[in-house]
Structure formats: structure tokens, C-alpha cells
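The primary structure of each chain is shown beneath.
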Amino acid sequence: MKKTFNVSGMKCSHCAANVENALKAVKGVASAEAQLEDKTVTVEFDEQQTNEADLKAAVDATGRYELTD
């Protein structure tokens, strides 16, 4: 499944990399691509291994960013 989320708190390319890395660390995530200009991230993931709540929790755990629909 591929889904795009809004990301609050993302302000620079380093922020975008942090969001991508947090998502890529989740089991079942095939790819994560942050778009700084739009403040979004597109995630491709296996619904058998993870879900949207897990993705949001991984980004929220960074303490700096938050995923929203």
C-alpha cells in the first residue's frame, strides 16, 4: 500500500531525512520519501507487517514531527 501523510514540524532537509529514517526503520516499510516543499511524506508499506498507527507512532517517537492524514 502507498499512502501520503502530512508532516508537521518538518522545516529542512535534515528534518525530511529524520522522518524518512524513522519510517524506514519500521518493519514492512518498503520506501519513504519526504517532500519538504509540501510538508508530506509518501510511504509504501506492507499492510501484513505494519499499519498507519505504527507509522505515526514511529514518527511521533522522534519528538519533533507528527504525521497526520
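Structure first, text after, so check above.
Residues numbered from 1 in each chain as written. Predicted model: local features only at pLDDT ≥ 70, side-chain atom pairs only at ≥ 80, totals over all residues. Heavy atoms only, no water.

1. A short note on the overall build of the protein
Point 1. Check the secondary structure of the protein and you find 2 helices and 4 strands.
Point 2. Tracing the protein from N to C terminus, the helices and strands come up as β-α-β-β-α-β.
Point 3. Taken against the 2.2 N^0.38 rule, which gives 11 Å for 69 residues, the C-alpha radius of gyration of the protein at 10 Å falls within 12% of a compact globule.
Point 4. By its C-alpha atoms, the protein is 30 × 20 × 20 Å across when sized along the principal axes.
Point 5. A burial count over the protein gives 35% of its 69 residues as buried. (Helix = DSSP H or I, 4+ residues; strand = E, 2+ residues; numbered from the N terminus. Rg over C-alpha atoms; globule rule 2.2 N^0.38 Å. Buried < 20%, exposed > 50% of the residue type's maximum accessible area, 1.4 Å probe, protein only.)

2. Brief notes about the side chain of E20
Point 1. The residue E20 is located in helix α1 (residues 13-24) in this model.
Point 2. Lacking a salt bridge, the buried E20 has K24 as its closest oppositely charged neighbour, with an N-O distance of 4.3 Å.
Point 3. Those residues in contact with E20 that lie beyond four places of it in its chain are A32, E33 and A34. (Lys, Arg positive; Asp, Glu negative; His and termini not counted. Salt bridge = Lys/Arg side-chain N within 4 Å of Asp/Glu carboxyl O. Contact = heavy atoms within 4.5 Å.)

3. Points about α1
Point 1. With 12 residues, α1 should cover 16 Å at 1.5 Å per step; its first-to-last C-alpha distance of 16 Å lies within 8% of that length.
Point 2. Among all positions in α1, only C15, A16, V19, E20, A22 and L23 are buried. Down the axis of α1, the buried side of the element spans an arc of 160°, and every buried residue falls inside it. Seen from the buried face of α1, the exposed residues on the opposite side, beyond 90 degrees, are S13 and H14. (Expected span 1.5 Å × (residues − 1). Arc of directions from axis to C-beta.)

4. Some points on the sheet that holds strand β1 (residues 2-8)
Point 1. Taken together, the 4 strands give an open sheet; going across it, the order is β2-β3-β1-β4, and neighbouring strands pair in antiparallel fashion. At either margin of the open sheet sits one strand with a lone partner, and together these are β2 (29-35) and β4 (66-68). Going from strand to strand, the sheet's axes swing by 30° on average, the running direction of each strand aside.
Point 2. The strands touched by α1 are β1, β2, β3 (40-45) and β4; relative to β2, the strand with the most contacts, the crossing angle is about 165°.
Point 3. Contacts from helix α2 (residues 52-60) reach β1, β2, β3 and β4, with the element oriented near 150° to β4. (Pairing = 2+ DSSP bridges. Axes fitted to C-alpha atoms, helices over the stretch in contact; angles between N-to-C directions.)

5. A word on the state of the cysteines
Point 1. Taken as a whole, this structure holds 0 disulfides when the rule is applied.
Point 2. A disulfide-free cysteine, C12 has its sulfur positioned 3.4 Å from the sulfur of C15, the nearest such atom. (Disulfide = S-S within 2.5 Å.)

The values reported here are purely geometric and, on their own, carry no functional implication.
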